[in-house]
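An overview of the molecular structure
Residues per chain, in single letters:
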Amino acid sequence: MPKNKGKGGKNRRRGKNENEETKRELEFKEAGQEYAQVVRMLGNGRAECYCYDGVTRLGHIRGKMRKKVWVSAGDIVLVGKRDYQDDKVDIIHRYNADEARNLKQYGELPEHARINETAVDLAMEGDGAEDDIGIDFDEI
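Please read these numbers as outputs of a predicted model, since none were measured by experiment. (Residues numbered from 1 in each chain as written. Predicted model: local features only at pLDDT ≥ 70, side-chain atom pairs only at ≥ 80, totals over all residues. Heavy atoms only, no water.)

**Concerning the sheet that holds strand S3 (residues 56-61)**
Operational definition: Pairing between two strands requires that DSSP report at least two bridges joining them. Secondary structure counts use DSSP, requiring at least four H or I residues in a row for a helix and at least two E residues in a row for a strand, with both numbered from the N terminus. To get an axis, fit a line to the C-alpha atoms, keeping to the stretch in contact for a helix; angles then go from 0 to 180 degrees between the N-to-C directions.
Overall, mixed pairing links the five strands, which are arranged S1-S2-S3-S5-S4 in a closed barrel. Going across the sheet, the axis of each strand differs from the next one's by a mean of 50 degrees, ignoring polarity. The sheet contact formed by strand S1 (residues 33-43) and strand S2 (residues 46-51) spans six bridges and is antiparallel. Residue pairing for S2: Met-41 is matched across the bridge by Ala-47.

The following block contains the structure:
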């Protein structure tokens, strides 16, 4: 029988919190980058992102962030635009709520940007859909 040389299994490694939420420096956008909000997750490391230049694009989570930084609907992210595909972007960085509020205070994000919003709120806002679609029900 082989001797165990490690210091525990998968659950022990999972319990380690190596990237504690420390104060990190705020990343601002550069040329070829844009701020965006994730409208919904599509699976396979992809997300529908509403860029603050007014266009909705397909975002792809870069390999360094996959399975390390969890991106969810409503998150503010920094995306890198592609030169050869205007309808696709690469998600470079995810901002937490405090960092997103700081970006809004610095004037980097527009005033109508919503922080901590769910995907349903974003989708309803973008489509201009109303709750009343013309179906009436009788009272019982």
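**Notes on unusual backbone geometry**
For clarity, the threshold we go by: Each residue's exposure class comes from its accessible area (1.4 Å probe, protein chains only) as a fraction of the maximum for that residue type: buried when under 20%, exposed when over 50%, partly exposed otherwise.
Even without being glycine, Asn-44 reaches a positive phi, approximately 60 degrees. Considering the arrangement of structural elements, one finds Asn-44 in the loop between S1 and S2. Although it is not a glycine, Lys-67 sits at a positive phi angle of roughly 65 degrees. Among the secondary structure elements, Lys-67 is positioned in the loop between S3 and strand S4 (76-81). What makes Lys-67 exposed here is its relative accessible area of 74%.

**Quick notes on the state of the cysteines**
As a reminder, the rule being used: To count as a disulfide, a pair of cysteine sulfur atoms needs to be within 2.5 Å.
Going through the model one piece at a time under the given rule, you end up with zero disulfides. Lacking any disulfide linkage, Cys-49 is separated from the closest cysteine sulfur, that of Cys-51, by 6.3 Å. Residue class for Cys-51 comes out buried when judged on its relative accessible area of 0%.

Remember that the coordinates give geometry; whether it matters functionally is a separate question.
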